[in-house]
Amino acid sequence: MAPAITETYYYGNYTPVGDILVMSICFVFLILMSIAYIANSKTYLVFRIQLAVLMLAAFASVMFHVLLAKEAVVSHNLIQTLYASYHSLLYLDLFLYIIYIKEQMHLGHNILVQMIIPSGGFMLVMVILEYLSIPFDWGFHLKDDGTIVNGANLFYIAYPVLCVVIFYLLVRYRKTIYKQVMRGVFGCTLVSFFILFMQEYFGQTSYTVATFLFPELAVLYLMHSHPYDLEMGAIDASAFEEMIGDQHRRKHEMVLMSLLFIDLDEEGKQYPNGIKEVIRHFTADFFRGAAMFQVTNGRLVLVADKVKNPNYENIVNKMLNAFDEEYPKYRLPFKIVILNSIEEISADREYVSLIRYAESTMKENEVHYLTDKDVNEYRKQKYIIHELQDICKKGDLNDPRVEVYCQPVYNISTRSYDTAEALMRLQLLELGKVFPDVFIPIAEEYHFIHQLSLVILNKTCNRIRKMMDEGYQMVRISVNISALELRDDNFCYDINRVIERSGIPFGKIAIELTESRSESDFMIMKSKINELKENGIKFYLDDFGTGYSNFERIMELPFDIIKFDRSMLIASGSDQKSEMMVSHLAQMFSDMNYSVLYEGVETMDDEQRCMRMEAKYLQGYMYSKPIPIERLTEYFDKSI
């Protein structure tokens, strides 16, 4: 967008330097844009057309002024045509700017009708009038003797009108664009006005087209640039997504190499001295035409075109050998994933997610070539994520995709089954039954776990209500809760609401929790347990003996039952000393009025040993595998 133009048409007041500079800058822009991996969106296409139009306008200006100086030997109609073309191209550039704003701000159909179509019609009329002025001599024209007649300058009409439309859209819809970007565009526009003012002040006509260039420079830098890391040669994550989309549209096959520096994959982490230079070497010296992208702070992805690198497998091996030579200098834990482009993944631009999935199954300092099995497992995970997301979105506490299984718990003192543990399963259309070890980590990572717990709790409460109505003796059923759920401010409210709606006593429900290592999570856990226990809900400490146990913290938490993990049961069977140690631990808890439950009881020997080790409850395959909750009636007794 440029300020208004006032011209005197004498070659002595014009130098082609300004217009030649505009053509050169536009050409340089186009070169840089060809290697910048900018998305081929509609706005980007409009922007490129703007640059081309500006180049043509500058060329028309140069030719007009050159031929004007030679009007005695050149057709006057040709000179006037160049003049009309020069102005018409600038009109077109302004109109394209209006279209660009509409697309970039995602303005609706009403703007198309109210502003774009009228502006386009106005521009077309002005262009027609510019060319009609040639035969009718009402605008700029040359007399037969070479005298210049300025006539009516249509540019003074077209330019202000189109500028008003541009400024109206920018101001009216300014909230749709980041404030700093808007300031940048306006600032560059003010520079354009200043240059035009100085041009008028000194009686020049050389830099009119140049004034159109500055706002477009702002647009390129602020909205379409992807700066390289000069030390590493890497481009940012958004450029990676755009390049993948572009390569997919062109149906180019690619090879991708991902390098994750595990210890550096946090925002703000600094690379050791010299390593960026090494990475730059890997970017430039192996694959032909490859590009390196820094998709997270510690994750770099190198992408190369297979057509340009037919021996890509040999190149990959050379790079890995070179990496092995450099590794001893830095010894940073890493994971490397190598894969070929995949149609489905390219279409959805999901390479980062696929690579992260592959990394989750890898050990440190491992190189992994992605296989079809990996991709199928990723698709499976993606489907599970979609289903979990849908379950949470619908919020149906009776969602049929979430099934409740239970494992009965044997009460030694009553020699009967009067408690059970509720366990979660998913029943999905495309996968069938999905077990907790598959979907629970996903649900926790994507924050779906609380809704699943509420579904299980609701279904468990409803089944307890039904069994109570039918006269079955039931002390309680426990439900597993992730420690992550406790961070939710509404956790206690949600749990209380579900139990209360079912109409069962709160004491019929127990919550199983694993111990937290975090001090902040421990305080939250303590607060939530105390709040829920006021209503009578019982609490189990799950998986005692697995890796981390802080007795001081356990004593601070008002648990009712301590569940000894099967690993403790196995350890107790290794020798007498181990059995004595586990037995003393159980005795200590029993003396402090905790009930002890042993998990994973599978044999008569396990059972006898647990009874010697202060057991009150036993759970395991010896008594029952997990069964649908509807089958609990096979184990529980009815009141006489």
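Predicted model, so just to flag it, every value in this text is computed and none were measured.

Procedures and definitions
- Residues numbered from 1 in each chain as written.
- Predicted model: local features only at pLDDT ≥ 70, side-chain atom pairs only at ≥ 80, totals over all residues.
- Heavy atoms only, no water.
- Core = buried A, V, L, I, M, F, W, Y, C linked by side-chain atoms within 4.5 Å.
- Buried < 20%, exposed > 50% of the residue type's maximum accessible area, 1.4 Å probe, protein only.
- Helix = DSSP H or I, 4+ residues; strand = E, 2+ residues; numbered from the N terminus.
- Contact = heavy atoms within 4.5 Å.
- Pairing = 2+ DSSP bridges.
- Axes fitted to C-alpha atoms, helices over the stretch in contact; angles between N-to-C directions.
- Salt bridge = Lys/Arg side-chain N within 4 Å of Asp/Glu carboxyl O.
- Expected span 1.5 Å × (residues − 1).
- Arc of directions from axis to C-beta.
- Polar contact = N/O pair within 3.5 Å; in protein donor to acceptor, adjacent residues only side chain to side chain.
- Phe/Tyr/Trp six-rings, centres within 6.5 Å; stacked < 30°, edge-to-face > 60°.
- Lys NZ or Arg CZ within 6 Å of the ring centre and 35° of its normal.
- Parallel < 35°, antiparallel > 145°, perpendicular 65-115°, else oblique.
- Nonpolar A, V, L, I, M, F, W, Y, C, P; charged D, E, K, R; others polar.
- Bend = angle between axes of the 7 residues up to and from the residue.

Side note on the nonpolar core
So, step 1. Ranked by internal contacts, the top residues of the largest apolar core, which has 79 residues, are Leu388, Ile495, Ile499, Phe564, Tyr598, Leu618 and Phe636.
So, step 2. At nine residues, helix α15 (residues 449-469) tops the list of elements feeding residues into this core.
So, step 3. Once residues lying within four places of it in the same chain are set aside, the contact partners of isoleucine 495 are Leu454, Leu457, Ile511, Leu532 and Ile537.
So, step 4. In this structure, Met33, Tyr97, Ile111 and Val127 belong to the second largest nonpolar core, which totals 50 residues.

A look at the environment of phenylalanine 282
So, step 1. For phenylalanine 282, the position within the fold is in helix α9 (residues 275-284).
So, step 2. You can call phenylalanine 282 buried: its relative accessible area is 9%.
So, step 3. If we ignore the near neighbours within four places in the chain, the residues touching phenylalanine 282 are Leu302, Met319, Ala322, Phe323 and Glu326.

A word on unusual backbone geometry
So, step 1. Positive phi is not limited to glycine here, since arginine 349 has a value of about 50°.
So, step 2. By the element assignment, arginine 349 lies in the loop between α11 (343-348) and α12 (351-360).
So, step 3. With a relative accessible area of 32%, arginine 349 lands in the partly exposed category.
So, step 4. Even without a glycine there, the phi angle at asparagine 593 is positive, about 70°.
So, step 5. A relative accessible area of 70% means that asparagine 593 is categorised as exposed.

Some remarks on the sheet that holds strand β8 (residues 366-369)
So, step 1. In space, the six strands of this open sheet follow the order β3-β5-β6-β4-β7-β8, with mixed pairing throughout. Strand pairing shows two members of the sheet lacking a second neighbour, β3 (234-236) and β8, which therefore form its edges. Taking each pair of neighbouring strands and ignoring which way they run, the sheet shows an average axis angle of 25°.
So, step 2. The pairing of strand β7 (residues 334-340) with β8 spans four bridges and is parallel.

Points about the pattern of salt bridges
So, step 1. Summed over all chains, the structure comprises 28 salt bridges.
So, step 2. The salt bridge involving lysine 382 is made with aspartate 348; its shortest N-O contact spans 3.1 Å. On the criterion of sequence distance, the pair formed by lysine 382 in helix α13 (residues 372-394) and aspartate 348 in helix α11 is long-range, its members being 34 residues apart.
So, step 3. For aspartate 348, a relative accessible area of 39% gives the class partly exposed.
So, step 4. Notably, a salt bridge pairs aspartate 390 with lysine 394, separated by 3.3 Å at the nearest N-O pair. Pair noted here: aspartate 390 and lysine 394 are both in helix α13, with a separation of four residues, about one helical turn.

Here we look at helix α17 (residues 519-533)
So, step 1. Its 15 residues place the ends of α17 21 Å apart at the C-alpha level, agreeing with the 21 Å of an ideal helix rising 1.5 Å per residue.
So, step 2. Listing the buried residues of α17 in full gives Asp521, Phe522, Met525, Lys528, Ile529 and Leu532. Taken around the axis of α17, the buried residues stretch over an arc of 135°, which confines them to a single face.
So, step 3. Those residues of α17 that are buried lie in contact with α16 (491-502), β13 (509-514), β14 (538-544) and α18 (551-556).

As for the side chain of glutamate 579
So, step 1. By the element assignment, glutamate 579 lies in helix α20 (residues 576-591).
So, step 2. Side-chain polar atoms of glutamate 579 contact the side chain of arginine 612, separated by 3.0 Å.
So, step 3. Each residue touching glutamate 579, except ones within four places of it in the same chain, is listed here: Ser572, Arg609, Arg612 and Met613.

Thoughts on the packing of aromatic side chains
So, step 1. Per the stated rule, a full pass over the model turns up 24 aromatic pairs.
So, step 2. Centre to centre, the rings of tyrosine 446 and phenylalanine 448 are 6.1 Å apart; their planes meet at 15°, and the pair counts as stacked.
So, step 3. For arginine 425, the ring lying beneath its charged end belongs to tyrosine 405, and the centroid distance is 5.1 Å.

Side note on the packing of helix α3 (residues 76-104) against helix α5 (residues 155-172)
So, step 1. At their nearest, the axes of α3 and α5 sit 10 Å apart, and the two run at 10° to each other. The pairing of α3 with α5 is recorded here as roughly parallel in orientation. Facing α3, whose interface residues are His87, Leu90, Tyr91, Leu94, Tyr97, Ile98 and Ile101, α5 presents Phe155, Ala158, Tyr159, Leu162, Cys163, Val165, Ile166, Leu169 and Leu170.
So, step 2. By residue class, the composition of the contact of α3 with α5 is 15 nonpolar, one polar and no charged.

Some details on helix α4 (residues 109-136)
So, step 1. Taking 1.5 Å as the rise per residue, α4 with 28 residues should run 40 Å; its terminal C-alpha atoms sit 39 Å apart, in good agreement.
So, step 2. Along α4, the helix axis deviates most sharply at isoleucine 116, where the bend reaches about 30°; the proline proline 118 sits within four residues downstream.
So, step 3. Along α4, the residues classified as buried are Ile111, Met115, Ile116, Ser119, Gly120, Met123, Met126, Val127, Glu130, Ser133 and Ile134.
So, step 4. Contacts from the buried residues of α4 go to α3 and α5.
So, step 5. Positioned one or two residues after α4, aspartate 137 has a phi angle of 55°, which is positive.

Brief notes about the pairing of β7
So, step 1. Counting buried positions along β7 gives six out of seven residues, so the element sits mostly inside the fold.
So, step 2. As paired strands, strand β4 (residues 254-261) and β7 are joined by seven bridges and run antiparallel to one another. Within β7, the residue paired with leucine 256 across the bridge is leucine 339.

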